[in-house]
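Each chain is listed here by its residues.
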Amino acid sequence: MIRPITLYSCVILGVAAHGAAAGDYSIYGKAQVQLEHTDKGLMRYTDKGTHIDAPFSRIGVKGKHDISAQAQVVYKYEVQVKGFESDDTSEPFSARNTCLGVQSAYGTVLFGRNDSRFKYSEGKIDQFNETQSDITQTIGGQDRIADSITYTSPKWGQWQWALTFAPKDDAKTEKNGVAALLSYGDRALKQTPYYVALSYTDALADIQALRVNAVYQWQRLQGGVLVQRSENLAGDKDGNSVLVSLRYYASDAWQPKLQYARDTSQLRHDSDSEQLSAGVDYVVDKQTSFYFLATKLELNQVSDTSTAIGLKYKF
């Protein structure tokens, strides 16, 4: 049976519901603060030394409006908030997913800035999402594409497919950019304990790549594997990436986790890269959690280490 897809093809981190005559809308966001120390500052998303920062904190509004018995206008406007640091006083906001489209039983079409369906394919495999241990630290293709069109199909059983398209003038390449995703299972691991995805991207953010990844939760243990082949459009950089992640639900509160990533494409760094991360989340409730992480990035001639302790609140 064909089921209409959910409101968005993008992950929503928190919801505070409201109502209005013009339609239903929600204000949501994530407030995050961490104390972190990084030895050399080679990693993305962090600088050398000890800092207090708010990694990937954001606020947004999403909503829908019925335009017929079968269709709705849907929208999402989201910005990253960077005002914690003195350097961000003049520019405290930056663009995240910002899209407008139509949803029906035939699927959802969104126009604007959106995670490419290649990036979206990762699901819950990244146990250190939006930190200095993020999958983007070593693996290419994790891009949010502006001026794009995203189509997500309805679900047929556990199967679903999606496409991202960006005209070449907006993709800033000599050809149109595309990304395709075929998935099986529940990306959020709520309806099924598994999620498997095959994705491909070409000419989005100067990369051509093929990815296979899977996540499975068995009782209290959640594990994931990702394998990717990548090259840039010039053809002078190419290689393979692999990521393995584990999370153990020791209790409702304590959740230790471990992640290993390796890349030989040199798309993120000027050499092969390898990263090992370990940490633990202390979950107070669905909205509030504390965390600790330690991560080490190994490049050919140098390495960097970072540790952080933080608080995350979703609303």
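Given the structure is predicted, the values throughout are model-derived calculations rather than measurements.

Remarks on the overall build of the protein chain
- When its secondary structure is counted, the protein chain shows two helices and 20 strands.
- Split into buried and exposed, the 315 residues of the protein chain put 46% on the buried side.
- Of the contacts formed within the protein chain by residues at least 6 apart in sequence, a portion of 53% connects residues at least 24 apart.
- Accessible area for the protein chain stands at about 15,400 Å²; split by element, carbon and sulfur atoms hold 57% of it.

Observations regarding the packing of aromatic side chains
- By the definition in use, this model includes six aromatic pairs.
- With centroids separated by 5.3 Å and ring planes inclined at 75°, the aromatic side chains of Tyr 45 and Phe 56 adopt a geometry described as edge-to-face. Of this pair, Tyr 45 sits in the loop between strand E3 (23-38) and strand E4 (49-53) while Phe 56 sits in the loop between E4 and strand E5 (58-66), placing them 11 residues apart in sequence.
- Judged by centre distance (4.8 Å) and plane angle (50°), the ring pair of Trp 159 and Tyr 184 falls under tilted. Highlighted residues: Trp 159 in strand E11 (residues 159-166) and Tyr 184 in strand E12 (residues 177-185), separated in sequence by 25 residues.
- Judged by relative accessible area, which is 44%, Trp 159 ranks as partly exposed.

Structural notes on the side chain of Arg 268
- Note on placement: Arg 268 falls in the loop between strand E17 (254-263) and strand E18 (273-283).
- The buried charged residue Arg 268 lacks any salt bridge, with Asp 143 as its nearest oppositely charged partner at 4.2 Å.
- A polar side-chain atom of Arg 268 sits 3.3 Å from the main-chain carbonyl oxygen of Thr 136.
- From its side chain, Arg 268 meets the backbone oxygen of Ile 139 in a polar contact 3.4 Å long.
- Dropping the residues within four chain positions of it, Arg 268 is found in contact with Arg 44, Thr 136, Gln 137, Thr 138, Ile 139, Gly 140, Gly 141, Gln 142 and Asp 143.

Let's talk about unusual backbone geometry
- Of note in this structure, Glu 130 is not a glycine but carries a positive phi near 60°.
- Its location among the elements puts Glu 130 in the loop between helix H1 (117-120) and strand E9 (144-152).
- Here Leu 189, not a glycine, exhibits a phi torsion of approximately 60°, which is positive.
- Along the chain, Leu 189 turns up in the loop between E12 and strand E13 (194-204).
- A relative accessible area of 13% means that Leu 189 is categorised as buried.

Section: the pattern of salt bridges
- On inspection of all chains with the given rule, the structure shows 12 salt bridges.
- Of the charged contacts, one joins Glu 130 and Lys 30 as a salt bridge, the two residues approaching to 2.6 Å between their closest N and O atoms. Placement of Glu 130 in the loop between H1 and E9 and of Lys 30 in strand E3 is noted, with a sequence separation of 100 residues between them.
- For Glu 130, a relative accessible area of 9% puts it in the buried group.
- The network of salt bridges with common partners includes Lys 30, Arg 58, Lys 76, Glu 78, Arg 96 and Glu 130.

Considering the environment of Ala 31
- In this structure, Ala 31 sits in strand E3.
- Taking relative accessible area as the criterion, Ala 31 reaches 38% and is therefore assigned partly exposed.
- Not counting residues within four places of it along the chain, the set of residues in contact with Ala 31 comprises Ser 57, Leu 311, Lys 312, Tyr 313 and Phe 315.

Things to note about the nonpolar core
- Counting 12 residues, the largest nonpolar core is built from Tyr 120, Ile 125, Ile 135, Ile 139, Leu 181, Leu 189, Tyr 195, Ala 197, Val 215, Leu 226, Leu 243 and Ala 261.
- The contacts of Leu 189, once residues within four sequence positions are left out, are Lys 124, Tyr 194, Tyr 195, Val 215, Gln 217 and Gln 222.
- Counting seven residues, the second largest nonpolar core, distinct from the first, contains Ile 145, Ala 166, Ile 207 and Ala 209.

Some words on the environment of Pro 55
- Here Pro 55 is to be found in the loop between E4 and E5.
- Each C-alpha atom of the pair Pro 55 and Glu 130 lies 6.9 Å from the other, and the pair is 75 residues apart in sequence.
- Look past the residues within four positions of Pro 55 in its chain and what remains in contact with it is Lys 30, Gln 32, Gln 34, Glu 130 and Tyr 291.

Quick notes on the environment of Gln 80
- Position of Gln 80 relative to the elements: it lies in strand E6 (residues 71-81).
- Residue Gln 80 is classed as buried on the basis of its relative accessible area of 15%.
- Remark: the alpha-carbon pair of Gln 80 and Phe 56, spanning 24 residues in sequence, is separated by 6.1 Å.
- In this view, Gln 80 contacts Phe 56, Ser 57, Arg 58, Pro 92, Phe 93, Ser 94 and Arg 96; residues no more than four positions away in its chain are not counted.

So, the pairing of strand E19 (residues 288-298)
- Across 10 bridges, E18 lies against E19 in antiparallel orientation. Bridging across to E19, Val 283 finds its partner in Ser 289.
- As consecutive antiparallel partners, E18 and E19 are separated by four residues.
- Examined bridge by bridge, E19 and strand E20 (residues 303-314) share 11 bridges and lie antiparallel to one another. Across the sheet, Leu 297 pairs through a bridge with Asp 304, a residue of E20.

What counts, and where the lines are drawn
- Residues numbered from 1 in each chain as written.
- Predicted model: local features only at pLDDT ≥ 70, side-chain atom pairs only at ≥ 80, totals over all residues.
- Heavy atoms only, no water.
- Helix = DSSP H or I, 4+ residues; strand = E, 2+ residues; numbered from the N terminus.
- Buried < 20%, exposed > 50% of the residue type's maximum accessible area, 1.4 Å probe, protein only.
- Contact = heavy atoms within 4.5 Å.
- Areas by Shrake-Rupley, 256 points an atom, 1.4 Å probe, with all protein chains shown as cover.
- Phe/Tyr/Trp six-rings, centres within 6.5 Å; stacked < 30°, edge-to-face > 60°.
- Lys, Arg positive; Asp, Glu negative; His and termini not counted.
- Salt bridge = Lys/Arg side-chain N within 4 Å of Asp/Glu carboxyl O.
- Polar contact = N/O pair within 3.5 Å; in protein donor to acceptor, adjacent residues only side chain to side chain.
- Core = buried A, V, L, I, M, F, W, Y, C linked by side-chain atoms within 4.5 Å.
- Pairing = 2+ DSSP bridges.

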